[in-house]
Amino acid sequence: MPANAEVALIWATAASVAAALQPCIEELLRAQEAFVEELFSSLLDGLGFPEAVPPGALCGRDHA
């Protein structure tokens, strides 16, 4: 698990986002979530990625 967390942190650093400490990412990767979507969202949050922008929000339109 430490190697996977290290790779995730390298990926986040390459994307120029502020990442959490490696033990926090390791804990997320060990989680036993029922749905991968919940874990993936938590992982992106832990790595410091910003929340997704709704479609059209960047051009002043809302396509919801």
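Let me begin by describing the structure that accompanies this report.

Calculation criteria
Residues numbered from 1 in each chain as written. Predicted model: local features only at pLDDT ≥ 70, side-chain atom pairs only at ≥ 80, totals over all residues. Heavy atoms only, no water. Helix = DSSP H or I, 4+ residues; strand = E, 2+ residues; numbered from the N terminus. Buried < 20%, exposed > 50% of the residue type's maximum accessible area, 1.4 Å probe, protein only. Contact = heavy atoms within 4.5 Å. Areas by Shrake-Rupley, 256 points an atom, 1.4 Å probe, with all protein chains shown as cover. Axes fitted to C-alpha atoms, helices over the stretch in contact; angles between N-to-C directions. Parallel < 35°, antiparallel > 145°, perpendicular 65-115°, else oblique. Nonpolar A, V, L, I, M, F, W, Y, C, P; charged D, E, K, R; others polar.

### Some thoughts on the overall build of the chain
- A tally of regular secondary structure across the chain gives three helices and zero strands.
- Ordered by position from N to C terminus, the α and β elements of the chain give α-α-α.
- For the chain, the proportion of its 64 residues judged to be buried stands at 20%.
- Of the contacts made within the chain by residues no fewer than 6 positions apart, 48% connect residues no fewer than 24 positions apart.
- Carbon and sulfur atoms make up 61% of the accessible area of the chain, which amounts to about 4,800 Å² in all.

### Quick notes on the packing of helix H2 (residues 22–30) against helix H3 (residues 36–47)
- Their axes nearest at 10 Å, the elements H2 and H3 cross at an angle of 175 degrees. If you check the angle between H2 and H3, you find them roughly antiparallel. Contacts between H2 and H3 pair Ile25, Leu28 and Leu29 from the former with Leu39, Ser42, Leu43, Gly46 and Leu47 from the latter.
- Residue classes in the contact of H2 with H3 are distributed as six nonpolar, two polar and no charged.

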